[in-house]
Structures are given as structure tokens and as C-alpha cells.
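Structural description and commentary
Listed below, chain by chain, are the residues.
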Amino acid sequence: MAETLVQVSDLKVHFPIGRSLFKDGVTLKAVDGVSLDIARGEVVGLVGESGSGKTTLGRALLRLIEPTEGSVRFDGTEVVGLPPRDLKALRSRMQIIFQDPYASLNPRMSVGQIIGEALHLHSIGTRADRDERVGDLLEKVGLPRTAAARFPHEFSGGQRQRIGIARALAVNPDFIVADEPVSALDVSIQAQIINLLQDLRQELGLSILFIGHDLSVIEFLCDRVVVMYLGHVMETATAADLYTQPRHPYTRSLLDAAPVPNPRAKRDRIMLKGDLPSPINPPSGCVFRTRCPFAIEACAQVEPALETVGPRHAVACIRQAELNLME
Ligand SMILES: Nc1ncnc2c1ncn2[C@@H]1O[C@H](COP(=O)(O)OP(=O)(O)OP(=O)(O)O)[C@@H](O)[C@H]1O
Ligand code: SF4
Ligand SMILES: [Mg+2]
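Residue numbers restart at each chain and count upward from 1, following the sequence in its written direction. Chain labels run from A onward and ligand labels from 1 onward, assigned in the order the entries are written. Selection of residues for local features in this predicted model requires a pLDDT of at least 70, selection of side-chain atom pairs for listing and counting requires 80 or more, and totals for whole chains, interfaces and linings are taken over all residues. Only heavy atoms go into the side-chain values, all of them from the structure, while hydrogens and water stay out.

The name an unreviewed UniProt entry assigns to the chain is ATP-binding cassette domain-containing protein, from the organism Devosia oryzisoli. You can read under Sequence similarities (unreviewed entry) in the UniProt record for the chain the words "Belongs to the ABC transporter superfamily." UniProt positions are given in the numbering used here, feature names are shortened, and annotations may be inferred rather than shown by experiment. The chain has a UniProt comment under Subcellular location (unreviewed entry) that states "Cell inner membrane".

Right under this line is the structure:
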């Protein structure tokens, strides 16, 4: 079994909304008790509808958003509550690739400055060393070394995302959160970026939390998948198991809605109705119950725990065993 690099336990990120001197406001529970592990060299996909808390979780792991409660251990070090100095040192080992390559690159900085910034910040090498490293990184992501002297607006979306990836790789991280890195790109370009990530992951032994909507991309790239709904983990399994033996009704509905070849295609499909409930006032018990075709009274009373149902396969549904037998 590979060594655990990132260990998340009961993590919560709650946002206070509408609070002022005169008003109490309410709490939005974007992430509400998530536990998961990522092994060294493992690529874990994180899926779930818009608003389920994926970005908030990804950013909280890197402390780009402050967690409210819980623990994130990175290579044995507790990240939550870590003083700024120690956090800075750890930051060079954990990086992020953003969704929007247009908004995430400073238009006033040259590509060389953008990629070299983190090296500079972490005082890595001399100026000449850093220039050399920037050139190497550009080549690694499939761009010419001469790109360093140019500015972001001179590049296409796909090329900009390559620059974003080079920036993330500059400090030699062990772990990268890739937050929908291809969603803003043309479909024709998406495969190139996914292939690049796949090559880099193999070459550098990176651990990646890959946030995405496209289940076929996730299946191609990820070893394991975590399915999230309204701030909670519903199911986690190896990519192979999740796609062939989904156990949670929510996972099954996501697969049934996806335009990918689906072994369940000929059986009863689960069509999701309605919208995600508000994380300000989530349903009691199982948060999925208001949209679950299998919900019974007990689902409103008990919050299902993630139960192990097979090797590296866990499901949070009180009816999962009987539903599995009904299949
Ligand atoms: N800074 C914030 N303050 C208040 N609420 C927030 C904040 N950031 C996110 N939220 C809320 O937290 C919930 C989760 O948002 P998040 O962006 O993490 O979802 P997501 O799964 O990444 O969605 P998408 O697929 O659209 O990117 C949403 O209800 C969102 O409105
Ligand atoms: S616990 Fe109940 S509501 Fe939740 S997924 Fe299972 S059957 Fe559906
Ligand atoms: Mg998001």
C-alpha cells in the first residue's frame, strides 16, 4: 500500500453569511465533515454537481481558504493552524492549477516572471538558475523557451493553461490541486492538456486532486474517485469500481446522466430532479434524501457514515446493502 501524503479528517468549511454588527446572519456549510486520503503518486478525482463544495475543499487543503474545523495532514504535518512561516515552507510542496487560464495569469507580468515568481518567493537558486529552470519548465509543458519573454495575452487558452501548469510545477511540488483545469478550454484542446497532466504525473510521481465534471476525463486520469454532494462525501472507490459498480444512488444518477458508455444504460436509470438544496439549510439526516428515489423515513433521522463495502470502496447510504441486492 502506497504511503499516505494527504490525510483529511472531518474537515469543515463554514462561511458566515450576512453577519454584521446588528445582525446574526446564517452559516453556509460548503464543506461539512469530509474525510479522505491521497497516497503519494495517486491521482484522485473529485466530482459532484456545481455548488457541492469541490473548490472550497480543494482550496481548504492548501489553506487558501481557512478551514473551520477538522484536520489536514500533509506528509505528517498538520496544516490547519500552522503558523504563516511554516505554512510558506509547506506551500512549495502543494500547488494549485486554476480553472480559468485567462483570469489566473497576471497580464502585466511576462511569462518568465509568472513562472519564476514562486522560485523567487521561496529564494530558490540565483537569477540565472531561475531563468534556466523557467526555460526547462516551458519545454516540459510543450512551449518554446522563448515564451518566457512574452506576455499572457499573446497566448491561446490552451497555451495559457500550460503556463499555469509550469507555474505550479516550478517549485517541484509533491501535491497539486487541479480545479477543473480544462473546463474553460475548447474541447479540441482539452485532450492535449489532459495528456500533458498524465505524462507529468507519471514522470514526476505527483499526487493530484483533480476536480472535474467530465466523468470520462476523470476515468482516464484518476486512480480513485471521490463523489461529493452538498459538502459531504457520498462514495469513494477506485475509478474502475466506481464506473462498473456504483453503490450510492447519487453516484448512479451522475453516471446515468453522463454521455459516456454506461453498463447501466439498459437498466433503470436514476434521473436527478430539482436543484441542489441550499447549504445554508441542508436536509436533516442524509443530505441527498430530498432528491433520492429510494429515500425512506429513516433517511431523515440518521446521517449516514461512510461504510467500507469493498477494497478501497466506501459508501454513505443507510440502504446501500439492500439497494445493492435489488440491482
Ligand atoms: N467565499 C464564500 N463565501 C460564501 N459562500 C461561498 C464562498 N465560496 C463558496 N461559497 C458557497 O459554497 C458552496 C460550495 O461552493 P464551491 O465553489 O466550493 O462549489 P463547487 O463544487 O466547486 O462548484 P462548481 O462546480 O460550480 O465549481 C456554494 O454554495 C457556494 O455558493
Ligand atoms: S441514505 Fe436514504 S436518502 Fe440517502 S442515499 Fe441512501 S437511500 Fe437515499
Ligand atoms: Mg468549483
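Continuing now.
1. Quick notes on the nonpolar core
Within the largest apolar cluster, 64 residues are counted, with the highest numbers of intra-cluster contacts made by Ile115, Ile163, Ile165, Leu169, Phe210, Tyr229 and Tyr243. The contacts of Ile165, once residues within four sequence positions are left out, are Ile97, Val141, Ile193, Leu196, Leu197 and Leu200. Only buried Ala, Val, Leu, Ile, Met, Phe, Trp, Tyr and Cys residues count toward a nonpolar core, and they belong to the same one when joined by side-chain atoms within 4.5 Å. Think of it in three bands: residues with accessible area under 20% of the maximum for their type are buried, residues over 50% are exposed, and the middle band is partly exposed, with areas taken using a 1.4 Å probe on protein chains only. Val31, Leu46, Leu62 and Leu87 belong to the second largest nonpolar core, which has 31 residues in total. We call two residues contacting when some pair of their heavy atoms lies within 4.5 Å.

2. Things to note about empty space enclosed by the protein
Cavities and pockets were defined on a 1 Å grid built over protein atoms only: a cavity is a set of grid points that admits a 1.4 Å probe from which the probe cannot escape, a pocket is an open set flanked by protein on both sides within 12 Å along at least five of seven lines, and lining residues are those with an atom within 4 Å of any such point. Grid points are joined across faces, edges and corners, and a volume is the space filled by probe spheres set on the points. Enumeration over the complete set of coordinates arrives at two cavities of 30 Å³ or more. Approximately 80 Å³ is the volume attributed to the largest cavity. Forming the walls of the largest cavity are 14 residues, and the residues nearest its centre are Pro249, Cys286, Cys292, Cys299 and Cys317. By the convention adopted, Pro, Cys, Tyr, Trp, Phe, Met, Ile, Leu, Val and Ala count as nonpolar, Lys, Arg, Asp and Glu as charged, and the other residues, Gly among them, as polar. For the lining of the largest cavity, the residue count by class is 11 nonpolar, one polar and two charged. Of the pockets and cavities examined, the second largest cavity occupies roughly 40 Å³. Lining the second largest cavity are Ile97, Ile165, Leu169, Ile176, Leu197, Leu200, Leu206 and Ile208. Helix and strand assignments follow DSSP, with helices taken as H or I runs no shorter than four residues and strands as E runs no shorter than two, numbered in order from the N terminus. Every element with two or more residues in the lining of the second largest cavity is listed here: helix H5 (157–169) and helix H6 (187–204). Among the residues making up the lining of the second largest cavity, the classes are represented as eight nonpolar, no polar and no charged.

3. Structural notes on the sheet that holds strand S2 (residues 26–39)
DSSP calls a pair of strands paired once it identifies at least 2 bridges connecting them. Reading across from one edge, S2-S1-S4-S5 is the order of the four strands in this open sheet, with antiparallel pairing throughout. Unpaired on one side and paired on the other, S2 and strand S5 (77–78) mark the two borders of the sheet. In this sheet, strand S4 (residues 69–74) lies alongside strand S1 (residues 4–17) in antiparallel orientation, the contact comprising five bridges. From the neighbouring strand, Gln7 faces S4, where its bridge partner is Arg73.

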